[in-house]
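Observations on the three-dimensional arrangement
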Amino acid sequence: MSGVVAAMRRTLLSCTSLARYGVIALATALSAAPEPSLAAELTITQTISALFDLNHQEFAVLTTALSLLGFTVLAAILLMRTRVRASRMELNLRSDIADLQVQADRLRALLFAEPQILIAWAAGDNRPQISGDTSLLISQDALSNSPQRILAFGTWLPPEPALQMDHAVDALREAGEGFLLNLSTSNGRAIEAMGRAIGGQAIVRIRELGGLRRELAESNLRYRTLAEETELLRDFAAAAPWPIWAKSVEGNLRYANTAYVRATEGASVADTIHRSLELLENDQRTEMGRTLNDNATFSARLPIVVGGERRIYDVHALKLSGGSAGIAIDASEATALRDAMERMAEAHRRTLDQLSSGVAVFDSQRRLAFYNESYRRLWGLDQAFLDSNPDDSSVLDRLRAARKLPEQPDFRVWKAKLHEAYRAMEPENYTWFLPDGRAVSVVTTPNLEGGVTYLFDNVTESLDLARRYDRLTRVQHETLDNLAEAVAVFGSNGRVELFNPAFEKMWKLSAESLKEQPHIEAVEAWCKPLFDDALTWRALREAITAIENRAQVALKLERKDGSVLDCMTMPLPDGATMLTFQDITDTENVERALRERNEALEAADQMKVDFVHHVSYELRAPLTTIIGFAHFLSDPSTGPLTPKQAEYLDYVTKSTNALLALTNNILDLATIDAGAMKLELGPVNIEKAIQAAAEGIQDRLATDRIELKVDIDSNIGNFTGDERRVVQVLYNLLANAVGFSPHDAAVTISARRAEHRVIFTVSDSGPGIPADVKDKVFDWFESHSHGSRHRGAGLGLSLVRSFVELHGGKVRVDSVVGKGTTVTCDFPIDQNAHRNAAE
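Bear in mind that the values here come from a model prediction, so they are computed numbers and not experimental data. (Residues numbered from 1 in each chain as written. Predicted model: local features only at pLDDT ≥ 70, side-chain atom pairs only at ≥ 80, totals over all residues. Heavy atoms only, no water.)

**Some points on the overall build of the protein**
Assigned secondary structure in the protein consists of 28 helices and 27 strands. Considering the protein as a whole, with its 839 residues, one finds that 33% of them fall into the buried category. When contacts within the protein are restricted to residue pairs at least 6 apart in sequence, long-range pairs at least 24 apart make up 49% of them. Element-wise, carbon and sulfur atoms account for 54% of the exposed surface of the protein, whose accessible area totals about 51,300 Å². (Helix = DSSP H or I, 4+ residues; strand = E, 2+ residues; numbered from the N terminus. Buried < 20%, exposed > 50% of the residue type's maximum accessible area, 1.4 Å probe, protein only. Contact = heavy atoms within 4.5 Å. Areas by Shrake-Rupley, 256 points an atom, 1.4 Å probe, with all protein chains shown as cover.)

**As for a nonpolar patch on the surface**
Together, Phe 629, Phe 632, Leu 633 and Leu 641 make up an exposed nonpolar region whose accessible area comes to about 410 Å². Here Leu 633 is to be found in helix α21 (residues 585–634). (Patch = residues over 30% accessible without salt bridge, like charges linked within 9 Å, V, L, I, M, F, W, Y side chains within 5 Å. Salt bridge = Lys/Arg side-chain N within 4 Å of Asp/Glu carboxyl O.)

**A closer look at the nonpolar core**
Counting residues in hydrophobic clusters, the biggest one holds 37 residues, and the most contacted among them are Phe 719 and Phe 760. Elements that contribute at least two residues to this core include exactly α23 (686–695), α25 (723–740), β24 (746–753), β25 (757–764), α27 (796–806) and β27 (820–828). At nine residues, α25 tops the list of elements feeding residues into this core. In contact with Phe 760, other than residues within four places in its own chain, are Ile 686, Ile 690, Phe 719, Leu 730, Ser 750, Ala 751, Val 823, Thr 824, Cys 825 and Phe 827. (Core = buried A, V, L, I, M, F, W, Y, C linked by side-chain atoms within 4.5 Å.)

**So, helix α15 (residues 411–418)**
Looking at α15, one finds that the buried residues are Phe 411, Trp 414, Lys 415 and Leu 418. Projection of α15 onto a plane perpendicular to its axis shows the buried side chains occupying an angular sector of 95°, all on one side. In this structure, α15 carries Arg 412 and Val 413 as exposed residues pointing more than 90 degrees from its buried face. Contact partners of the buried residues in α15: α14 (392–401), β13 (428–433), β14 (439–446) and β15 (452–458). Looking at where α15 begins, the residue whose side-chain oxygen comes 3.3 Å from the main-chain nitrogen of Arg 412 is Asp 410. (Arc of directions from axis to C-beta. Polar contact = N/O pair within 3.5 Å; in protein donor to acceptor, adjacent residues only side chain to side chain.)

**Side note on the environment of Pro 161**
Inspection of the secondary structure assignment puts Pro 161 in helix α6 (residues 159–175). Given the relative accessible area of 17%, Pro 161 is considered buried. Along the chain, Pro 161 and Thr 185 lie 24 residues apart, while their C-alpha atoms are 8.4 Å from each other.

**Some thoughts on the pattern of salt bridges**
Across all of its chains, the model carries 25 salt bridges by this definition. With its nearest N and O atoms 2.9 Å apart, the salt bridge here joins Asp 271 to Arg 275. Separated by four residues within a single helix, Asp 271 and Arg 275 lie in helix α9 (residues 269–275), roughly one turn from each other. Residues joined by salt bridges that share partners form a network here, namely Lys 556, Glu 558, Glu 588 and Arg 592.

**Re unusual backbone geometry**
Positive phi, normally seen in glycine, also occurs at Arg 366, with a value near 65°. With respect to the helices and strands, Arg 366 occurs in the loop between β11 (358–362) and β12 (368–371). Located in the positive-phi region is Gln 517, a residue other than glycine, with phi close to 55°. Following the sequence through the fold, Gln 517 ends up in the loop between α18 (511–515) and α19 (520–527).

**Some remarks on the packing of aromatic side chains**
Taken as a whole, this structure holds 16 aromatic pairs when the rule is applied. With a centroid separation of 6.1 Å and 35° between ring planes, the pair formed by Phe 503 and Phe 581 is classed as tilted. Residue Phe 503 is located in helix α17 (residues 501–506), and its partner Phe 581 is located in strand β20 (residues 577–583); the two are separated by 78 residues in the primary sequence. The exposure class assigned to Phe 503 is buried, which follows from its relative accessible area of 2%. (Phe/Tyr/Trp six-rings, centres within 6.5 Å; stacked < 30°, edge-to-face > 60°.)

**Comments concerning the packing of α14 against α15**
At a closest axis distance of 12 Å, the pairing of α14 and α15 adopts a crossing angle of 140°. Taken together, the axis directions place α14 and α15 in an arrangement best described as oblique. The chirality of how α14 crosses α15 is right-handed. When α14 is examined against α15, the residues Ser 393, Leu 396, Asp 397 and Arg 400 are found in contact with a partner set consisting of Phe 411, Lys 415 and Leu 418. (Axes fitted to C-alpha atoms, helices over the stretch in contact; angles between N-to-C directions. Parallel < 35°, antiparallel > 145°, perpendicular 65-115°, else oblique. Left-handed = near helix turned anticlockwise from the far one by under 90°.)

**Describing the side chain of Thr 585**
Looking at the secondary structure, you find Thr 585 in helix α21. By relative accessible area, Thr 585 is classed as buried at 18%. One polar contact links the side chain of Thr 585 to the main-chain amide nitrogen of Val 564, over a distance of 2.9 Å.

**A look at the sheet that holds strand β4 (residues 190–198)**
One open sheet accounts for five strands, arranged β2-β1-β5-β4-β3; its pairing is antiparallel. Of all strands in the sheet, those with a lone pairing partner are β2 (129–132) and β3 (179–184), marking the two edges. The sheet shows a mean angle of 15° between the axes of neighbouring strands, direction not considered. With four bridges joining them, strand β1 (residues 116–122) and β2 adopt antiparallel strand pairing. Residue pairing for β2: Leu 118 is matched across the bridge by Ser 131. Against the sheet, α6 engages β1, β3, β4 and β5 (201–208), with an angle of about 165° to β3. (Pairing = 2+ DSSP bridges.)

**As for the confidence of the model for the protein**
Per-residue pLDDT for the protein averages 77, and the proportion of residues at 70 or more is 77%. Long-range and interchain partners of residues 47–54, a stretch whose pLDDT sits below 50, account for ten contacts in this model, where long-range means more than four residues apart. (pLDDT = per-residue confidence, 0-100.)

**Points about the packing of α19 against helix α20 (residues 534–545)**
Relative to each other, α19 and α20 sit at 155°, their axes nearing to 11 Å. For the element pair α19 / α20, the angle class is roughly antiparallel. Once α19 is placed against α20, the crossing between them reads as right-handed. Contact with α19, carried on its side by Ile 520, Glu 521, Glu 524 and Cys 527, involves Trp 537, Arg 541 and Ile 544 of α20 and no other residues of that element. When the residues that make up the contact of α19 with α20 are grouped by side-chain class, the tally is four nonpolar, no polar and three charged. (Nonpolar A, V, L, I, M, F, W, Y, C, P; charged D, E, K, R; others polar.)

Listed below in C-alpha cells is the structure:
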C-alpha cells in the first residue's frame, strides 16, 4: 500500500513537472483561442495522453486530477482575458470618444462657420431646440414669446414669406415633407431655409446667403422660375386653341400643340412631328421663310383649309437662334366682323350723304374726317378745301370771313367756347342766327375717340312755322271764344282742357268750375238738369274716353227747355276729343216745315205720274181702235171715198199715229221711272239703225225742204245694245232737229267709234237753246218752241236721256243761240263689261 502511495507521489511529482509545461502550453493555446471550446478540451486531453504513457485507470485518475487543475487554470485564464479585454475596450472607447469629440468640434466649427440657425423638434415635443447665432436673424424676445412655433418668423420676415415658412414647417413636422426656401427678411437680407426629417426629428436650418452663395441661390431661383415658366408656357401652348409650332433651322417640325395636330389632321403630336405635317401651303411657307431670312418676324393674314373649310388666320412667326416658332390665330370671325363694320360704316356714310341735315365729323386732332353734301351746300364751302381735311378753326375762320357765322363781339372767346365740345361728355345744342337771315340749329356731340360730330339743320322754316303756329293758336283761341257754337275739348284722360264762353253759357256752367278741368262725368252731372238721356251721355263718354276705333259721333239733343242741339264729337290727333254743340232749334223748325212741304210735293208728283200712267193706258185702247178703223176705211176693198173723205181720213190717221206715239212715249218714261224697263240686248248695226231712224222723218224732211246729211265711217261695224231703243233715240233726235230747223236748212247725223264707245251726233242750224232753258230740255213735258214750227209735248229728249243712260251712256247738249244745237250720245260698246263694272 505504501508502495502504491509512494508511486503515486512520484507520479504526481512527475506530473507536476510535466503539468507545469502542459499548463503553460494549454494556457498559451487557450489564450490564442477566441473562446474555450470542446476542440480545446480535446487538444488538452490528447496532449496529456501523448505526454504520459498511461493506462486507462491511471489515466482516469490523472484525468480527474487534471480536470480539477484545468478548471482552476481555465478560470484563471478567463479572468485574466476578461481583464485584458476590458482594458483594451476602455482604451478603444477613450480613443473613439476622443475622435468623436474632435470630429464634433470639427463639424460644429464647419457648421457654424457662417451665421445660421438649427431648429430641431423631437417627435412628440412642441418645444424646439435652437442652436446657432440666433442674434443674427431672429429676435430672442420673439422666440421666447413663442418658443413652441415659428410664429417668431413674422417679426423678421414679411407677412407672405412668414406664412409660407410657417406652412412649410407644419408640413415638415406633420408629414415629414422637406423643403428648401429662399426668402428675404424685412431688412432686405437674403436667407435660405431648409427643412429635413432626420432620426425622428424635424430639423430646420436657416442661414444667410451672401456673396457667391447668394448669387448661386438667386441663379437656382431664376433657373427654377425659368423652368416653371417654361413648363407653364408648354402647358399653355398645349392647351391653346390656336395652332402653335416650332421648327429647326433646317425647317423640320420640332414641336406642335394639340390645335396644330387637329388642324393638320394628325393622329397625335408624335405622329404629326414624325410625319412633319404642314399647316401652310407650299407658297405660303416659302414666303414666310423668305421673310424670316430678311427679318426677325413674319406676320400675314392667310387663308388656311382646316377640316375641309377655308378660314382666315393671322399667322405670326418669329426667327429664333435654333430655328423658328409660329402661331396661327383664327381671324375668320374678326375678318367677317371687320368687313361687316366696313360695310356698315359705308352704309352709314351713304345714309349721311342722303340726309338733309349737314354732318361734319372732326377727329381727335380737330381735323375734318367726314362731311356730307348737305354740309357743303349749307355753308357753300369749296369741295377741294373740304377734301384737304382742314382743322376746325380753319373752317370757322373761312366761314367768318364769308360772313356766314353769327356776329360776335369776341370771336376768339366764342370759338373757344364752341371747342369745349372736344372735352365735353354730353352733347350741346345751339341756334345760330346768320347775317343772311337764316337760322341754323347746331348740335355738337363728343365722339368716343376724342373728336366731335357737328349736326347742322336749317331751321329757318321751322322757326317761322313755330311763330306762325303760335300766331295761329292765338287766332284759334280768339275764334273759339267768339264762335256761336259751344266748343269743349276733352283730353285723353276725359278731362276738360279747353272750352269757349258759348259752351258754359249754353249749358249754364261756371267758368271757374270748368277751369279746374273736371271729368266728363262731372260735366254730365252738371248738364243733366237740361238733358237727362242716359244713352246719349253714354255715347258721348265712350267717344271721349275711347282708345281704339275713335270715330266721329253725330247726335241730336232735344233738351227739356225745348231747344234742339246738334252735337258732334271730333277725335283730334293728340288723343283729345273736341265736342261741339250748335243750337239748331230754328233750323229744325224750318226743316220740319220744308220736309212736310217736300213730302206733299212728292205725293203730288207721284200722283201726277200715276195719273199720266193710268191715262196713257186708258187712251191706248181707243186709239188702237180708231187707228184700226182708219186703216180699214182707207183700204180700197171697203169701197171708194170722196176726195174730201180721203183727206179727212188722212188727217185722222196722222193725228191718231201722233197721239199713239205720244202715249207710247209716256208709257216708256213711266216704265223707266218705275225701274221696270228691260233692254233686249243684241248686236246693233249702226248704219242700219241710222237708216231706220231717217225713214221715219222722210215726209217731214220733204215737207219742210230740209236736207239730211249722214256722216258714218265705212268700217264702223256693230255694238251691243237694244236696237229698237237705239233707233227710237236717233228718231227723236232727228225729229227734234227737223222741228227746230228752218226751211231749206240741213240736219247732220254722224257716228264714230272710239276705243270703248260709239258716239252719235245730231246737229241742226236752228235758233239754239238759251242758257236758262238748257238745263230743263230733258225734263218731262218741257217744250220750248222759240219761234220754231216745233209743237211737241216735250218728251222726246226725256226719252233720249232715259234710254241712253239705261244703256250706260251719256247725253250732252251743246247749243249757241242763233247758230244751232248739237246733241251727242255716247253708248258703251260692250254692255256686259259695263254692267260688270257697275256691279
